[in-house]
Structure formats: structure tokens, C-alpha cells
Amino acid sequence: MPASALAHALRAYVRHAPGTLGKAQIVGRFLDEHLRTHPVHTTVRLRSGDTVLVTTSDVIQRFQYLFGEWEPNLSAFLRDRLRPGDTFVDVGAHRGAFSLLASRAVGPHGRVVAIEPHPQFHDDLAAAATANRRTNIRLVRSAASDTIGTLTLYIEDPSNLGHTTAVRPRHVHATIEVPTAPLADLVSRADLATARVIKIDVEGAEAAAIRGLTPALPHLRDDAELVVEVTPRLLAKQGESAAALIATLREHGFYPYTLTNDYDPASYPRAMRLPQPPIRCTSVPKEMTDLIFSRIEASRLALAR
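Residues numbered from 1 in each chain as written. Predicted model: local features only at pLDDT ≥ 70, side-chain atom pairs only at ≥ 80, totals over all residues. Heavy atoms only, no water.

> Tell me what's going on with the overall build of the chain, and back it up with residues and numbers.
Secondary structure assignment for the chain yields 12 helices and 14 strands. The C-alpha atoms of the chain give 19 Å as radius of gyration, which agrees with the globular expectation for 305 residues (19 Å, within 12%). Principal axes of the C-alpha set define a box for the chain whose edges measure 60 × 40 × 40 Å. Put simply, the chain has 305 residues, and 52% of those count as buried. In the form shown here, the chain has an accessible surface area of approximately 13,700 Å², with 53% of it arising from carbon and sulfur atoms. (Helix = DSSP H or I, 4+ residues; strand = E, 2+ residues; numbered from the N terminus. Rg over C-alpha atoms; globule rule 2.2 N^0.38 Å. Buried < 20%, exposed > 50% of the residue type's maximum accessible area, 1.4 Å probe, protein only. Areas by Shrake-Rupley, 256 points an atom, 1.4 Å probe, with all protein chains shown as cover.)

Next up, the structure:
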């Protein structure tokens with residue numbers, strides 16, 4: 001059987017067969033690398049029910065093709081938290097994996113504010129929203145920061161477009177200038193007042209994004225939670241730290257929790273079947289980590305469904 005036909009058959013098994021038997025091995029030993037080096041360009045249906053165009057040379061799009069989802073533990077957390085009528089703020093929305101998921105969860109009377117500065121990713125998200133009739137998504141083409149201005153975004157690796165960063169990497173594949181503004185200026189007061197979850201994934205610019213949001217923190221609803229990807233190595237290059245970011249949010253009554261986020265594709269079949277809840281963060285992360293900030297003080301944040 002040709003490798004492409006074998007890959008197609010194995011992907012169908014991984015994606016649609018019940019259970020997890022053999023799936024980690026199939027993905028880890030063959031499919032992930034094959035789809036990276038022999039990219040497929042096609043339309044796939046996500047677990048949210050939406051359809052998107054993917055090219056499997058890129059890691060996020062490859063995982064969407066294989067599993068119908070990106071970051072299953074975070075996806076499960078968002079499904080658990082968001083209810084019809086809520087608002088979800090997606091800072092660093094990229095191509096919209098979480099914006100589309102949230103759009104379904106909050107329903108026609110809810111709102112999604114998708115903030116994405118890169119014009120190609122912004123256009124991809126807009127096309128996906130239109131194709132799936134997601135009329136409750138409002139797109140904002142800007143970077144979230146603590147000042148109004150411009151900054152340079154760098155793409156280091158075209159096979160990992162999600163790692164588009166404002167911190168100059170050692171090797172630069174492409175650059176683009178984008179506008180910046182404080183987060184509290186990019187999102188309306190009404191959206192901030194009804195925001196159930198604010199997700200910030202900005203590849204090293206999270207300290208500035210939090211500073212731009214700080215004036216609005218006292219006005220968030222009592223059960224509002226923040227999802228922040230912290231990248232200590234990139235923060236340190238800017239004279240920032242994860243410890244200072246955590247302290248800022250702690251001053252406003254938010255407790256940090258660690259959410260497992262394993263980028264090994266072999267971990268996905270189990271994570272999608274048994275998503276892990278956020279666990280109380282007891283030490284400052286030294287590696288890139290997804291943190292949930294909640295006003296609930298507990299050992300873990302239970303998932304209700």
C-alpha cells in the first residue's frame with residue numbers, strides 16, 4: 001500500500017475509531033512525521049462541528065487534521081466554562097481554533113472577541129467564521145500590549161506558525177509590522193463586563209498584554225477566569241518575569257492553576273478521552289506553561305462536565 005494511502009487509512013482510524021488502542025503509537029511513530037513532510041491540503045471538520053482549511057506541514061493544522069482539535073485540555077476547559085450568552089475574549093486568536101469552539105459554546109446571544117494582529121491569520125479566521133456562519137465573532141486586527149504603537153512580529157519556523165512572536169528569534173523566516181493597543185482599549189466595556197474567559201496566548205508578550213488589561217480587572221465579573229500562556233524564556237529576554245505577572249494578577253484576587261498542555265501528538269488520544277483539570281500552581285513556571293487564573297481558591301479547578 002502506498003504511504004499516502006496508508007496514512008489516509010490510519011488517520012481515519014485515529015480520528016474516528018472508538019477508544020485509544022494503538023493510536024498513540026500510530027501517530028507518534030508514523031503519522032505526525034509523514035504528514036509534516038508530505039503535507040495534505042484539505043478541509044476538515046473540527047470537534048466543534050466547524051469546517052476549516054488545513055495544510056498539515058503546520059503543527060496546529062496537522063493536529064486539527066488528525067484529531068479535530070488543538071490543545072484538548074484547554075478545549076475541554078473552555079467547553080466546561082462557557083455558557084450561552086457569555087463573552088469569550090481570544091487574545092492571540094491565530095486562525096481561530098478556540099474562537100470557533102467558543103462561538104458554538106456561547107451561542108447566538110453570546111459574543112467572541114478575536115484579537116489577532118497577523119493579517120494572514122486574521123484573514124484565515126475571518127474566512128472560517130464566514131464559511132461556518134459564526135456571526136457572533138468580532139475580529140480585531142491588532143496586537144494586545146500596554147501602549148498604542150507598532151511592533152515587529154517574527155516567524156521563526158514556517159512549520160509552527162503558532163509560534164509567531166514579538167521577541168526576535170535566532171533565525172528569522174519572515175517579519176511583519178503590526179499595530180498595538182492596550183487590551184482594555186481593544187475590547188468594549190460591555191464585552192469585558194460579560195467576559196467569562198479571557199485567553200491570552202501571545203508568545204512572550206503576555207506581560208505587556210496583562211498590563212494593558214489591568215485597569216479592567218476590577219470590573220470583570222466575579223467568576224471571570226483568565227487563561228495565560230507564560231513563556232519564561234521569552235519574558236526574561238525583555239526584562240519581564242512569570243513571577244511578576246503572577247503577582248500582578250494575585251493582587252487582583254486571582255489564583256494561578258497549571259493546565260497540562262503536552263504538544264506530543266501521542267498524548268492526544270488519551271487527553272481527548274480523559275481531559276485533565278487545572279491544578280493549583282505552587283511554584284513559578286520555568287518552562288512554557290498554560291496558567292488558569294481564577295478567583296476560586298482550591299487545590300484544583302473541577303470540570304463540571
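> Explain the environment of Ala 195 residue by residue, including any values.
Residue position: Ala 195 is located in strand E10 (residues 195–200). Of the residues examined, Ala 195 reaches a relative accessible area of 0% and is grouped as buried. Remark: the alpha-carbon pair of Ala 195 and Leu 220, spanning 25 residues in sequence, is separated by 7.0 Å.

> Could you give an account of the packing of aromatic side chains, naming the residues involved and the relevant values?
A complete count under the given rule lists 5 aromatic pairs for this structure. Between the aromatic rings of Phe 63 and Phe 67, the centroid separation amounts to 5.9 Å while the plane-to-plane angle is 85°, which identifies the pairing as edge-to-face. Taken as a pair, Phe 63 and Phe 67 lie in helix H3 (residues 59–67) at a separation of 4 residues, close to a single helical turn. A single burial state applies to Phe 63 and to Phe 67, both of which are buried. Pairwise contacts between aromatic rings join Phe 63, Phe 67, Trp 70, Tyr 263 and Tyr 268 into one cluster. Above the face of the Tyr 65 ring, Arg 11 is positioned so that its terminal group lies 4.2 Å from the ring centre. The ring of Tyr 257 has Arg 280 lying over it, and the distance from NZ or CZ to the ring centre is 5.7 Å. (Phe/Tyr/Trp six-rings, centres within 6.5 Å; stacked < 30°, edge-to-face > 60°. Lys NZ or Arg CZ within 6 Å of the ring centre and 35° of its normal.)

> Mind laying out empty space enclosed by the protein, listing which residues take part and the relevant values?
Scanning the entire structure with this criterion turns up 2 cavities of 30 Å³ or more. The space that makes up the largest cavity amounts to roughly 90 Å³. Around the largest cavity, the lining residues are Leu 46, Arg 47, Ser 48, Gln 64, Gly 68, Glu 69, Trp 70, Ser 75, Arg 79, Ala 97, Phe 98 and Leu 101. When residues of the lining of the largest cavity are traced back to their parent elements, those giving at least two are helix H4 (72–81) and helix H5 (97–106). Examining the composition of the lining of the largest cavity, we find that 3 residues originate from one element, H5, more than from any other. Here the second largest cavity is characterised by a volume of approximately 50 Å³. Lining the second largest cavity are Glu 71, Leu 74, Phe 98, Lys 199, Ile 200, Asp 201, Val 227, Val 228, Glu 229 and Asp 290. Elements with a contribution of two residues or more to the lining of the second largest cavity: E10 and strand E11 (225–230). Among the elements that line the lining of the second largest cavity, the one with the most residues is E11, at 3 residues. Residues of the lining of the second largest cavity, tallied by class, amount to 5 nonpolar, no polar and 5 charged. (1 Å grid on protein atoms, 1.4 Å probe; cavity = no way out; pocket = protein on both sides within 12 Å on 5 of 7 lines; lining within 4 Å. Points joined across faces, edges and corners; volume = space filled by probe spheres on them. Nonpolar A, V, L, I, M, F, W, Y, C, P; charged D, E, K, R; others polar.)

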